[in-house]
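Structural overview for review
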Amino acid sequence: MDVLTVGETMVMVTPEAGGRLGTDGRFLLRPGGAESNVAALLARLGHHAAWASALGTDPLGDLIVRDLERHGVDVSLVRRDERRPTAVYFKDPTPDGTRVYYYRAGSAASAITTTDVGEWTAHAPRLVHVSGITAALSAQAREAARALVRRPGLVSFDVNHRAQLWSGDAPEVLLELAQDADIVFVGRDEAETLWGTATAEDVRGLIDRPQYLIVKDAAIEAVAFTPTGVHREPSTKVTVVDAVGAGDAFAAGWLSGFLDGRDEPARLRLGHYAAARVLESPSDFAELPPAAEIVAELG
Ligand SMILES: Nc1ncnc2c1ncn2[C@@H]1O[C@H](COP(=O)(O)OP(=O)(O)O)[C@@H](O)[C@H]1O
Ligand SMILES: O=C(O)C(=O)C[C@H](O)[C@H](O)COP(=O)(O)O
């Protein structure tokens, strides 16, 4: 197993054909979750990627399992919970950007534990990927997130601050988790909101323990602080159709380059490429060619 990603996946409800949530009667149901997005894109890029979480025994859980299997994700570690439901969220494409409405309190995934984490990581993946969303779901999910970032092997952590899910302690908790990981992804704006940092260098001043820190500045560039020095790579020019999922795609592209032993500029370029394809697509994940073809195309 190359990568194990852990975190809640919900059923995402979107109005059909670009309509609005409050006025449309026709909707599409698809899986939506940061960590399973990363697993699905890594699978597309040619890696053995597993995703682990808990789902209800309801048909919504079946939908998620089936769809991720179709995308080539190993779902054999997913735990089904008879007593708790699969979570749902709605996306409303407003003229000012997409608004998200969560129905996830008390969900199966919000009850994941450190015992789950022990069982999942016993399968010895080369890398575990987790995000800050898990730490916002419940007290026990927060402990599970802590256990994940502190596991002995390689861990990558996407800060993924979701303000709607937190009640004030996000800056401390997310900084603590980031410091315990080996690879950290964070948006420059996200870091500014959380910790008041302005530049990528300011973020490195704060998150100084991980071997790799990647600070993404949306349409401008991504900056990687690595053992071989600081690398900057400009973002790709794109027409944005839906911004949700770009961060997950960037992480998948970068991690794919890391797992394949590519140099830092190639990792950053793969991140930008995958993010650009998702930005141009109405879905949270896009069809991607295998990594070797992308690298050949990028030159
Ligand atoms: N407007 C944009 N133009 C081009 N690329 C973008 C744009 N916004 C985001 N990206 C790409 O998506 C990546 C992730 O962006 P980010 O803002 O961190 O996403 P998210 O908020 O989904 O986590 C960036 O590093 C970049 O590659
Ligand atoms: O789990 C949640 O709370 C979600 O929001 C699910 C979203 O599909 C991804 O998290 C998208 O994440 P980005 O790539 O940062 O846009």
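All of the points below concern the structure found in this document.

Parameters at a glance
- Residues numbered from 1 in each chain as written.
- Chains lettered and ligands numbered in written order.
- Predicted model: local features only at pLDDT ≥ 70, side-chain atom pairs only at ≥ 80, totals over all residues.
- Heavy atoms only, no water.
- Salt bridge = Lys/Arg side-chain N within 4 Å of Asp/Glu carboxyl O.
- Helix = DSSP H or I, 4+ residues; strand = E, 2+ residues; numbered from the N terminus.
- Buried < 20%, exposed > 50% of the residue type's maximum accessible area, 1.4 Å probe, protein only.
- Contact = heavy atoms within 4.5 Å.
- Polar contact = N/O pair within 3.5 Å; in protein donor to acceptor, adjacent residues only side chain to side chain.
- Pairing = 2+ DSSP bridges.
- Axes fitted to C-alpha atoms, helices over the stretch in contact; angles between N-to-C directions.

Here the idea is simple: oppositely charged side chains can pair when their charged atoms come close. Evaluated as defined, the whole model comprises 23 salt bridges. With its nearest N and O atoms 3.0 Å apart, the salt bridge here joins Glu264 to Arg267. With Glu264 and Arg267 both in helix α10 (residues 264-279) and three residues apart, the pair spans about one turn of that helix. Exposure class is identical for Glu264 and Arg267. Each is buried. Shared partners join several salt bridges into a network, and the residues in it are Glu143, Arg146, Arg150, Glu176, Asp180 and Arg209.

Mapped onto the fold, Gln164 is located in the loop between β10 (154-158) and α6 (170-180). Ignoring any residue separated from it by four or fewer positions in sequence, one finds Gln164 in contact with Val100 and Tyr102. A polar atom in the side chain of Gln164 sits 3.1 Å from the backbone oxygen of Val100.

This paragraph deals with the sheet that holds strand β4 (residues 49-52). An order of β4-β1-β9-β10-β11-β12-β13-β14 is seen for the eight strands of this open sheet, with the pairing classed as mixed. The sheet is open, and its two edges are formed by β4 and β14 (229-234), each paired on a single side. This sheet shows a mean twist of 15 degrees between the axes of neighbouring strands, independent of strand direction. Direction of pairing for strand β9 (residues 127-131) relative to β10: parallel, over a ladder of five bridges. Pairing of His129 across the sheet is with Ser156, part of β10. Running at roughly 165 degrees to β4, helix α1 (residues 34-44) makes contact with β1 (3-6), β4 and β9 of the sheet.

Function cannot be inferred from these measures alone, as they are strictly geometric.
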